[in-house]
Amino acid sequence: MIRSIVPRMLATMYAAPGIGLAAPQVGLDLRFAVIDLQPDEKPAPITLINPRIEQKSREEATREEGCLSLPGHYAEVTRPERVVVAYEDLEGQPQTIAADGLLATCLQHEIDHLDGILFVDHLSALKRNMILRKMVKEKRARKIG
Ligand code: ZN
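Treat the numbers as computed from the prediction; the structure is a model and nothing was measured.

Draft legend 1. Quick look at the pairing of strand β3 (residues 46-56). Direction of pairing for strand β2 (residues 32-35) relative to β3: antiparallel, over a ladder of 4 bridges. Bridge pairing in β3 links Ile 35 to Ile 46. When β3 meets strand β6 (residues 83-88), the two strands line up antiparallel, connected through 5 bridges. Along β6, the bridge assignment pairs Ile 53 with Val 85.

Draft legend 2. Quick peek at the coordination of the zinc ion. Those donors, Cys 67 (SG), His 109 (NE2) and His 113 (NE2), are the protein atoms that reach the zinc ion, and they lie 2.0 to 2.3 Å from it. Linear spacing of the donor residues for the zinc ion on their chain is C-x41-H-x3-H. Residue His 109 and its partner His 113 are both found in helix α2 (residues 101-114); the two are separated by 4 residues, about one turn of the helix. Across the pair, His 113 and His 109 agree in class, each one buried.

Draft legend 3. How the structure looks around unusual backbone geometry. Residue Ala 16 is joined to Pro 17 through a cis peptide bond whose omega torsion reads -5 degrees. Locating Pro 17 in the fold gives a position in the loop between α1 (2-15) and β1 (20-22). Its identity is not glycine, yet Asn 50 carries a phi of approximately 50 degrees, on the positive side. Considering the arrangement of structural elements, one finds Asn 50 in strand β3. Given a relative accessible area of 32%, Asn 50 falls into the partly exposed group.

Draft legend 4. Fine view of the environment of Gly 20. Residue placement: Gly 20 occurs in strand β1. According to the relative accessible area criterion, Gly 20 is buried, its value standing at 8%. When near neighbours in sequence (up to four residues on either side) are disregarded, Gly 20 contacts Met 13, Gln 25, Val 34, Ile 35, Leu 68, Cys 106 and Glu 110.

Draft legend 5. Structural view of the layout of surface pockets. Estimated volume of the largest pocket: approximately 380 Å³. Lining the largest pocket are 20 residues, and of these Ile 19, Glu 65, Gly 66, Cys 67 and His 109 lie nearest its centre. Looking at which element gives the most residues to the lining of the largest pocket, the answer is α2, with 5 residues. Among the residues making up the lining of the largest pocket, the classes are represented as 9 nonpolar, 7 polar and 4 charged.

Draft legend 6. Geometry of the nonpolar core. Ranked by size, the top nonpolar core spans 12 residues in total: Ile 35, Leu 48, Val 83, Val 85, Tyr 87, Ile 97, Ala 99, Leu 103, Ala 104, Cys 106, Leu 107 and Ile 111. Counting only elements with at least two residues in this core, the list comes to β6, β7 (94-99) and α2. Tallying contributions element by element places α2 first for this core, with 5 residues. Not counting the four nearest positions on each side in its chain, Leu 103 is found in contact with Ile 35, Leu 37, Ile 46 and Ile 97. Ile 5, Val 6, Met 13 and Val 34 belong to the second largest nonpolar core, which has 11 residues in total.

Draft legend 7. Looking closely at α2. Here α2 is 14 residues long and its end C-alpha atoms lie 21 Å apart, about the 20 Å a rise of 1.5 Å per residue gives. Of all 14 residues in α2, 12 are buried, a share of seventy percent or more. Buried residues of α2: Leu 103, Ala 104, Thr 105, Cys 106, Leu 107, Gln 108, His 109, Glu 110, Ile 111, Asp 112, His 113 and Leu 114, and no others. At the exit of α2 stands Gly 116, carrying a positive phi of roughly 75 degrees.

The rules behind each value
Residues numbered from 1 in each chain as written. Predicted model: local features only at pLDDT ≥ 70, side-chain atom pairs only at ≥ 80, totals over all residues. Heavy atoms only, no water. Pairing = 2+ DSSP bridges. Helix = DSSP H or I, 4+ residues; strand = E, 2+ residues; numbered from the N terminus. Donors = N, O, S within 2.8 Å, 3.2 Å for Na, K, Ca; no water. Buried < 20%, exposed > 50% of the residue type's maximum accessible area, 1.4 Å probe, protein only. Contact = heavy atoms within 4.5 Å. 1 Å grid on protein atoms, 1.4 Å probe; cavity = no way out; pocket = protein on both sides within 12 Å on 5 of 7 lines; lining within 4 Å. Points joined across faces, edges and corners; volume = space filled by probe spheres on them. Nonpolar A, V, L, I, M, F, W, Y, C, P; charged D, E, K, R; others polar. Core = buried A, V, L, I, M, F, W, Y, C linked by side-chain atoms within 4.5 Å. Expected span 1.5 Å × (residues − 1).

Following this line, the structure appears as structure tokens:
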């Protein structure tokens, strides 16, 4: 099932363009995500099935995040700097990744999606409302325009 969907997920992600896409973002009630940090180079996607965070560092890092589900909106999000993620690959084999930097951020962002959490949920209410208000305004503008 997942194996047959992955090519379409990757095509959607590369076309966006984005570096990660989780199944719930394309309306699938499945716990998997695809990630490729360098979509402009030779494709090197990772497919993570049932990913879960096994360890996270106490140190945190702040990075600007965007999301294909909230196009055009970016905000600084603070998360654990390093994580160890366990998952199954497309062959059903258990795997783990120890990640830092952009990959650690991306893994946490995509795993959040599987639990219905968006990056704006990590922001203060003030910042989150600013983004949500902008989105409402944009929607209205689109209707008029
Ligand atoms: Zn996202």
